[in-house]
Amino acid sequence: MEEARTVLDRLARIERLRSEGAAPETLLDELRRLVAEAETWVEAEREGGAAAAAVEHCREALRGAHAMM
């Protein structure tokens, strides 16, 4: 459960930074951290489920961020 909270906290931080107009490089760094934290969540759950879907969503967001740069 701690891993899920970490992911949710990172998502909130990213949203706050985005709304404050953070530099793309800052957001990209946060997205990379989000993916790593989501992968840790998947490993902790063992069965995947919601965590696996979250990791895929994070990966898609990271790909989209790369495409925008």
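Below you will find a few notes about this structure.

Rules used throughout
Residues numbered from 1 in each chain as written. Predicted model: local features only at pLDDT ≥ 70, side-chain atom pairs only at ≥ 80, totals over all residues. Heavy atoms only, no water. Helix = DSSP H or I, 4+ residues; strand = E, 2+ residues; numbered from the N terminus. Rg over C-alpha atoms; globule rule 2.2 N^0.38 Å. Buried < 20%, exposed > 50% of the residue type's maximum accessible area, 1.4 Å probe, protein only. Contact = heavy atoms within 4.5 Å. Areas by Shrake-Rupley, 256 points an atom, 1.4 Å probe, with all protein chains shown as cover. Lys, Arg positive; Asp, Glu negative; His and termini not counted. Charge placed at Lys NZ, Arg CZ, Asp CG, Glu CD. Salt bridge = Lys/Arg side-chain N within 4 Å of Asp/Glu carboxyl O. Expected span 1.5 Å × (residues − 1).

Comments concerning the overall build of the protein chain
Inference 1: Tallying secondary structure elements over the protein chain gives 3 helices and 0 strands in all.
Inference 2: When the elements of the protein chain are put in sequence order from the N terminus, they spell out α-α-α.
Inference 3: The C-alpha atoms of the protein chain give a radius of gyration of 12 Å, which matches the 11 Å a tight globule of 69 residues would have.
Inference 4: In terms of principal-axis extent, the alpha carbons of the protein chain reach across some 35 × 20 × 15 Å.
Inference 5: Within the protein chain, the proportion of its 69 residues that are buried is 30%.
Inference 6: The long-range share in the protein chain, meaning contacts at least 24 apart out of those at least 6 apart in sequence, stands at 50%.
Inference 7: Of the roughly 4700 Å² of accessible surface on the protein chain, 53% is carried by carbon and sulfur atoms.
Inference 8: If you average the places of the 10 positive and of the 15 negative side-chain charges in the protein chain, the two averages end up 3 Å apart.

A look at the side chain of E30
Inference 1: Relative to the assigned elements, E30 resides in helix α2 (residues 24-45).
Inference 2: The buried category is assigned to E30, whose relative accessible area is 2%.
Inference 3: Among all residues touching E30, those that are not within four sequence positions of it are R10, R13, I14 and L17.

Some points on the pattern of salt bridges
Where charged atoms of side chains with opposite charge meet at close range, the side chains can pair.
Inference 1: Applying the stated criterion across every chain yields a total of 7 salt bridges.
Inference 2: Between E30 and R13 there is a salt bridge; the shortest N-O distance is 3.0 Å. Note that E30 is positioned in helix α2 and R13 in helix α1 (residues 2-19), a separation of 17 residues in sequence.
Inference 3: Between E20 and R16 there is a salt bridge, with its nearest N and O atoms 3.9 Å apart.
Inference 4: Judged by relative accessible area, R16 falls into the partly exposed class, the value being 42%.

Quick look at α2
Inference 1: For α2, with 22 residues, the first-to-last C-alpha span of 31 Å sits near the 32 Å given by 1.5 Å per residue.
Inference 2: Directly beyond the C-terminal end of α2, a positive phi value near 65° is found at R46.

Focus: the side chain of R10
Inference 1: Mapped onto the secondary structure, R10 falls in helix α1.
Inference 2: Aside from chain neighbours lying at most four places away, what touches R10 is E30, R33, L34 and E37.

Fair warning: the whole summary comes from geometry, so function is off the table for now.
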